[in-house]
Amino acid sequence: MQKITPELKDEERLFFEQALEFALQQIAGNLPVFKERFPAPASHDLIYPAVPNTDWTASFWTGMVWLAYEWTGEGKYLEAAERQLNSFRQRVVERISVDTHDLGFLYSLSAVAAYRVNGNPAAREMALEAAGLLAERYFPEAGIIQAWGDLNDPEQRGRMIIDCLLNLPLLYWAAEETGDSRYSAMARRHALQSARYLIRPDHTSYHTYYMDPETGKPLYGNTHQGYADDSCWSRGQAWGIYGFTLSYVYTGDPAFLDASRQLADYFLAKRPADGIVYWDLIFTDGDGQEKDSSAAAIAVCGLLELSAQLPTDDPGASGYREAAVEMLAALAEGYTTKDQPHSNGILKHGVYNKPRGWGIDECTLWGDYFYCEALMRVLGEWQRYW
Ligand code: GLY
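Reference entry: report on the structure contained in this document. (Residues numbered from 1 in each chain as written. Predicted model: local features only at pLDDT ≥ 70, side-chain atom pairs only at ≥ 80, totals over all residues. Heavy atoms only, no water.)

1. Re helix α5 (residues 121-135)
Right, on to step 1. With 15 residues, α5 extends 21 Å between its outermost C-alpha atoms, agreeing within 8% with the 21 Å of an ideal straight helix rising 1.5 Å per residue.
Right, on to step 2. Every buried residue belonging to α5 is among Ala123, Arg124, Met126, Ala127, Leu128, Ala130, Ala131, Leu133, Leu134 and Ala135, and all of these are buried.
Right, on to step 3. Looking at the buried residues of α5, the elements they touch are α3 (75-93), α4 (103-118), β3 (138-139), β4 (144-145), α6 (168-178) and α7 (181-197).
Right, on to step 4. Its side-chain oxygen placed 3.0 Å from the backbone nitrogen of Ala122, Asn120 serves as the N-cap of α5. (Helix = DSSP H or I, 4+ residues; strand = E, 2+ residues; numbered from the N terminus. Expected span 1.5 Å × (residues − 1). Buried < 20%, exposed > 50% of the residue type's maximum accessible area, 1.4 Å probe, protein only. Contact = heavy atoms within 4.5 Å. Polar contact = N/O pair within 3.5 Å; in protein donor to acceptor, adjacent residues only side chain to side chain.)

Take a look at the structure:
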């Protein structure tokens, strides 16, 4: 297991332990509510409604329950996480809403986590089934995995998105488990294509990019959730920081570490006064826009992993870690629902999809998950589910 604990002073440790205690209280309170159904992607008035397991986000709830189990060792969390696996098994076996690259998010935090934490063999099988479906979305000429929808949908065909970098660990894991290097070859090529086409020369990122799946020709980049095609969607940049580092972890290719650093440096340079970014990095204090706490939480996890991968004499090793701990402290200080007793979420002030008017200034399920992951990372030795 890799040691990624930043050196915390006693009072910082206590502060983060108290923050995790609050998160655990929210998770424990949600256990009886979200059993067969899952929290929606974003809250409404800071309350998550219960929805079926058909969206891209269900596993963030299961992942939080695994984290709670790992932190406390309490059987109620183990039982809840194992029970939720039934829903993920049904989803992959019955092919319910599987036309998506988000199989990576969905099965890394549910089934792969179950296998890593508890050696559950049925979870391993289910995760491998999901990896097989994800691999079917790969276009060999373009070297990319299509993000959304049917592979023949003209609006989505050949489109990759930066978020997919967090879906690749399912393929790298499947390669390690089965010895079938086709999975890792696809993941690596997709990550290389992402570095080449999604990162712009100024180290901002496109949210999405279209490739011609027949010829492999790069076509054009645009946005789906950002402010404009040529702006930089904050959460996309955060997915890139974390996702490229994860590709480095699995492949050892320094190109991925460079990509992650480029995105990290730009992201950090765009932090407003309190350290938590707005939903698009084009915005800053005084623009009257919403923050996206979830982008900050993802970036914290990515920066902690990035700093752990750098040699100790690289200034980034301490620099990225310090920035991450500062951001996490800012989240714990001013961005939780501690002052909103009616809420069943953890991290407020997130934005799901501003252009479409979804989940604006709300809790987001992935924001809650990555905040908990970040707290686990700073407080102890934690083995990635990714
Ligand atoms: N992966 C979808 C999102 O970040 O909203």
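Still more to cover.
2. Notes on the pattern of salt bridges
Right, on to step 1. This model, assessed by the stated rule, comprises 17 salt bridges.
Right, on to step 2. We note a salt bridge from Glu177 to Arg124, for which the minimum N-O separation is 2.7 Å. In this pair, Glu177 is assigned in helix α6 and Arg124 in helix α5, connecting sequence segments 53 residues apart.
Right, on to step 3. For Glu177, a relative accessible area of 25% puts it in the partly exposed group.
Right, on to step 4. In the salt-bridge network here, residues are joined through shared partners; they are Glu305, Glu373, Arg377 and Arg384. (Salt bridge = Lys/Arg side-chain N within 4 Å of Asp/Glu carboxyl O.)

3. Observations regarding the packing of aromatic side chains
Right, on to step 1. For the coordinates displayed, the defined rule picks out 31 aromatic pairs.
Right, on to step 2. For the pair Tyr206 and Tyr209, a centre-to-centre distance of 5.8 Å together with 65° between the ring planes defines the contact as edge-to-face.
Right, on to step 3. Judged by relative accessible area, Tyr209 falls into the buried class, the value being 10%.
Right, on to step 4. Between Phe370 and Trp386, the aromatic rings sit 5.7 Å apart at their centres with planes inclined by 5°, giving stacked as the arrangement. In this pair, Phe370 is assigned in helix α12 (residues 365-379) and Trp386 in the segment after α12, connecting sequence segments 16 residues apart. With respect to class, Phe370 is no different from Trp386; both count as buried.
Right, on to step 5. Chaining the aromatic ring pairs together yields one cluster made of Trp56, Phe60, Phe105, Trp239, Tyr242, Tyr352, Trp358, Trp366, Tyr369, Phe370 and Trp386.
Right, on to step 6. We note Arg200 situated over the ring of Tyr206; from NZ or CZ to the ring centre the distance is 4.1 Å.
Right, on to step 7. The positively charged end of Lys291 is found above the aromatic ring belonging to Tyr278, 4.8 Å away from the centroid. (Phe/Tyr/Trp six-rings, centres within 6.5 Å; stacked < 30°, edge-to-face > 60°. Lys NZ or Arg CZ within 6 Å of the ring centre and 35° of its normal.)

4. Considerations on the side chain of Arg235
Right, on to step 1. As for its position among the elements, Arg235 is in helix α8 (residues 234-251).
Right, on to step 2. Residue class for Arg235 comes out buried when judged on its relative accessible area of 1%.

5. Some points on the nonpolar core
Right, on to step 1. In terms of nonpolar packing, the biggest core is built from 138 residues, with Tyr107, Tyr369, Phe370 and Tyr371 touching the most fellow members.
Right, on to step 2. Per-element accounting of this core gives the leading share, 11 residues, to α12.
Right, on to step 3. When near neighbours in sequence (up to four residues on either side) are disregarded, Phe370 contacts Phe60, Trp239, Tyr242, Ala297, Ile298, Cys301 and Trp386. (Core = buried A, V, L, I, M, F, W, Y, C linked by side-chain atoms within 4.5 Å.)

6. Remarks on the site of the ligand
Right, on to step 1. Close contacts around the ligand come from Trp56, Asp163, Gln225, Trp233, Arg235, Trp239 and Tyr352, and that covers them all.
Right, on to step 2. At 2.7 Å, a side-chain N or O of Asp163 approaches a nitrogen atom of the ligand.
Right, on to step 3. Take Gln225: an N or O atom from its side chain is 2.8 Å from an oxygen atom of the ligand.
Right, on to step 4. Protein chains shield 95% of the accessible area of the ligand, which is 200 Å² for the free molecule.
Right, on to step 5. Its residues assigned to classes, the shell around the ligand comprises 4 nonpolar, 1 polar and 2 charged. (Near = heavy atom within 4 Å. Areas by Shrake-Rupley, 256 points an atom, 1.4 Å probe, with all protein chains shown as cover. Nonpolar A, V, L, I, M, F, W, Y, C, P; charged D, E, K, R; others polar.)

7. Some thoughts on the sheet that holds strand β6 (residues 208-211)
Right, on to step 1. Across the sheet, 3 strands lie side by side as β5-β6-β7; this open sheet has antiparallel pairing. Two strands bound the open sheet, and with one partner strand each, they are β5 (159-161) and β7 (218-222). Taken over all neighbouring pairs, the strand axes of this sheet differ in orientation by 25° on average, direction set aside.
Right, on to step 2. Summarising the sheet, β5 and β6 pair through 3 bridges and their orientation is antiparallel. Across the sheet, the residue bridging to Arg159 is Tyr210, located in β6.
Right, on to step 3. α7 contacts β5, β6 and β7 of the sheet and is inclined by roughly 85° relative to β5. (Pairing = 2+ DSSP bridges. Axes fitted to C-alpha atoms, helices over the stretch in contact; angles between N-to-C directions.)

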